[in-house]
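Below are the chains, spelled out letter by letter.
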Amino acid sequence: MTRGLPNKLPIAGVDKVIVVASGKGGVGKSTTAVNLALGISANDPTKQVGLLDADVYGPSIPTMMNLHGEPLLNNQNMMVPLINFGIKCMSIAIQKLIRQVVWGPLDYLVVDMPPGTGDTQLSLSQNIPIDGAVIVSTPQDIALLDARRGTEMFEKVNVPVLGLIQNMNVYVCPNCGHTEHIFGKDGTKKLAEELSLDILGDVPLDIQIREGSDSGQPVVVSSPDSLQAQVYVNIAKKV
Ligand code: ADP
């Protein structure tokens, strides 16, 4: 995999950086970032994984990862990330703090980007070597339009887009098994075809996923054998 622009300064101790992006808020970007980080770790427990909440507009990683308290400073005035479920986590708002955290050694740092294609996203993409971007979208038209803009932004700054994640495409009634496409059907798949990108995973609209995020017990750790968890674990194999 290429490493983007050669003049980007690596984050000390961090091997791969994967960003999770979306065109707009509320499409499941943070939920995906959390379960992707846990999925990477579930696939290979020897891998050290970190999770950075760079979503300045609505940081939600502390709730989803059940984190409490503030990071401590070490004797070099570097912040020590909080750890839960084996993942080193940090929820911060400004890019320069990325380098004031003792991340290493990490095999993967998953970054929950702010939604959209504004200055923060651009500056992050230009300043750190990103190995790949994963774009989350629902099948709805408007979310798709924004996902297209996101893809274009990463291509402009030479960040390889690994593919799209279609979130909340199908709802399966737990009582009768009836399926409903609440936000439209397969829209993200169609966009992926148009942009010649892969679909990395198709995540259903699911109560266990929602409750897992809200209660700080993400589905990959709370029900590792469930189909829902397997969807994320399979996505994690592709990054
Ligand atoms: P974003 O980071 O894009 O703003 P979040 O990950 O915070 O989105 O998700 C928004 C809301 O949707 C949260 O309440 C989350 O629990 C819920 N959610 C996300 N993905 C799913 C899913 N596949 N099924 C059910 N609820 C989901």
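For the structure, check the block above.
Residues numbered from 1 in each chain as written. Predicted model: local features only at pLDDT ≥ 70, side-chain atom pairs only at ≥ 80, totals over all residues.

Asker: What exactly am I supposed to notice about the nonpolar core here?
Answerer: Soluble, globular proteins show a tendency: their nonpolar side chains are buried together. Val20, Leu36, Ala37, Leu51, Val110, Ala133 and Val134 are the most contacted members of the largest nonpolar core, which has 67 residues in total. Residue contributions to this core peak at seven residues, all from helix H1 (residues 29-43). (Core = buried A, V, L, I, M, F, W, Y, C linked by C-beta atoms within 7 Å. Buried ≥ 20, exposed ≤ 12 C-beta atoms within 10 Å, placed from the backbone. Helix = DSSP H or I, 4+ residues; strand = E, 2+ residues; numbered from the N terminus.)

Asker: Even after reading the chapter, I still don't get the site of the ligand, so can you show me in this structure?
Answerer: Taken together, 20 residues form the shell around the ligand, and within it Gly28, Lys29, Ser30, Thr31 and Arg210 come nearest. For the shell around the ligand, the secondary-structure elements that each account for two or more residues are H1 and helix H6 (207-214). For the shell around the ligand, the element with the most residues is H6, which contributes four residues. Class assignment of the residues belonging to the shell around the ligand gives a composition of seven nonpolar, nine polar and four charged. (Near = placed C-beta within 6 Å. Nonpolar A, V, L, I, M, F, W, Y, C, P; charged D, E, K, R; others polar.)

Asker: How do you make sense of the packing of helix H4 (residues 141-156) against helix H5 (residues 187-194) when you look at a structure like this?
Answerer: Relative orientation and spacing of two packed helices are given, respectively, by the angle between their axes and the distance between those axes. With their axes 10 Å apart at the nearest point, H4 and H5 run at an angle of 30° to one another. What the angle tells us is that H4 and H5 run roughly parallel. Pair H4 / H5 crosses with right-handed handedness. Touching Asp141, Leu144, Ala147 and Arg148 of H4 are Gly187, Thr188 and Leu191, all from H5. Per-class residue counts for the contact of H4 with H5 are three nonpolar, two polar and two charged. (Axes fitted to C-alpha atoms, helices over the stretch in contact; angles between N-to-C directions. Parallel < 35°, antiparallel > 145°, perpendicular 65-115°, else oblique. Left-handed = near helix turned anticlockwise from the far one by under 90°. Contact = placed C-beta atoms within 7 Å.)

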